[in-house]
Amino acid sequence: MFSQFFIPWGIKMLIKKGIAKTTLLILVVVIVAIAAVGGYLAYQYTRPTKQTFKIFFYDPEPGNPWWDLLAAGVEKGVQDLKSKEGIEIEFQRFDATTLDEQIRQLDQAKALRPHAIVIGARGVGVIEKLKELRREGIIVIDVDRQLPDPDCRDLALGTDNRAAAAEMLRRFLAYLEQKGVPKPYKFVIIKALPGIPVTDYRYEGYMMVLDPLIKKGEVQILDTIEVDSGKIEECRRGAEAAVTKWGRQMTAIITVNNLISIASVEALKAAGINPKTEVLVLSFDAQPESFLEMIRSGDVAWSITQTPHLEGYWGVWAAYYIWKGKITPPRGAVIHTPTYIVLPCNATWVKDFVDHIILDPTLIIDLVGRMTKENPRIYAPALNPKNC
């Protein structure tokens, strides 16, 4: 209203004073430009700005196919979070092959100040560093490892390794009985070096089932061998030692991960022992494709697969939900992600569907909402597996 009145009146006055029309045009343009700039600045000042969420991922075993799937889930989570929530994301990935390297990376995080980290821990040695980050206000999501100190994380995502190992072994023992394999069953267990919680839990799960049967005389443990389960050459040395010493006396070799199982199959075949019919191999995990093919062919009798892609994907969303105040997990909160028994008859289904599974991230809000201080652990829903 003011401009409609002012400009014409001002122009008339200037014309009366003999100002040239060209000069008047310039003045009008200047006035309009000032108004436009003012409006733009006002809009920039008042318009809502996109938030930037700063999140880091720490990969403890770069190049391990299982962790590659989890890392792919993290990256997919970042992409979907950005597109679905309309926020900017600053994402960095840190790979570590030793505990010391990961500790140095976590020291750097104090200066880099992310809002959240998603971490696969190299070992329990990172616990104090994670506590320090939490004291600095940084959200910590523990994927897979489920470190034993609940104060080092806001939330853990991963398999209930004790329960999964125990359930698989019970079903394997029932299979042996159904096939009429004579008792006592004679096993060699090849386990990981202590200090990585998930493989420790798997061994504990096995022994929960085996100890009562050992006392009854239905099972004998011929040997327990420890190896560095992340290094294939170390796994091969352990498997070769087991096969050389015990050979066909073994009913089965029980392992805690895929690398040990691969090494066990290689050692048996090198000794002329058929892993399909003479000495069976019981495993954990079903990656990479070459290992899944061992299951599909029957060289590995039984295994159980986790859902690493989902762990990574949900890890990003859980961190975001905590940052936005949509969830407040209780102390010791753990969401146990689904597992599936893998046999030759359903191995293809595992590869096609389970390895890249994504479940609705809003389920995290529901699951955390159902947690209590007394019971901070909960199981995520699973797809119906392909039955054999």
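Residues numbered from 1 in each chain as written. Predicted model: local features only at pLDDT ≥ 70, side-chain atom pairs only at ≥ 80, totals over all residues. Heavy atoms only, no water.

1. Description of the pattern of salt bridges
Part 1: Summed over the entire model, instances satisfying the criterion amount to 31 salt bridges.
Part 2: One salt bridge connects Arg153 with Asp142, and the closest N-O pair in it is separated by 3.8 Å. You can see Arg153 sitting in the loop between β4 (139-143) and β5 (155-158) and its partner Asp142 sitting in strand β4, a full eleven residues away along the chain.
Part 3: A salt bridge links Lys269 to Asp299, with the shortest nitrogen-to-oxygen separation between them at 2.7 Å. Pair noted here: Lys269 is in helix α9 (residues 258-270) and Asp299 is in the loop between α10 (289-297) and β10 (303-305), with a separation of 30 residues, a long-range link.
Part 4: The class of Lys269 is partly exposed, set by a relative accessible area of 46%.
Part 5: The class of Asp299 is buried, set by a relative accessible area of 7%. (Salt bridge = Lys/Arg side-chain N within 4 Å of Asp/Glu carboxyl O. Helix = DSSP H or I, 4+ residues; strand = E, 2+ residues; numbered from the N terminus. Buried < 20%, exposed > 50% of the residue type's maximum accessible area, 1.4 Å probe, protein only.)

2. Digging into the packing of aromatic side chains
Part 1: Under the defined criterion, the tally for this structure stands at 15 aromatic pairs.
Part 2: When the ring of Phe172 is compared with that of Trp302, the centres are 6.2 Å apart and the planes differ by 75°; the resulting orientation is edge-to-face. With Phe172 in helix α6 (residues 161-178) and Trp302 in the loop between α10 and β10, this pair connects stretches of sequence that are 130 residues apart.
Part 3: Here the aromatic cluster, defined as three or more aromatic residues joined through ring pairs, consists of Phe53, Trp317, Tyr320, Tyr321 and Trp323.
Part 4: Lying over the aromatic face of Phe284, Arg202 brings its terminal NZ or CZ to 4.0 Å of the ring centre.
Part 5: Just above the ring of Trp323 sits the side chain of Lys324; from NZ or CZ to the centre is 5.9 Å. (Phe/Tyr/Trp six-rings, centres within 6.5 Å; stacked < 30°, edge-to-face > 60°. Lys NZ or Arg CZ within 6 Å of the ring centre and 35° of its normal.)

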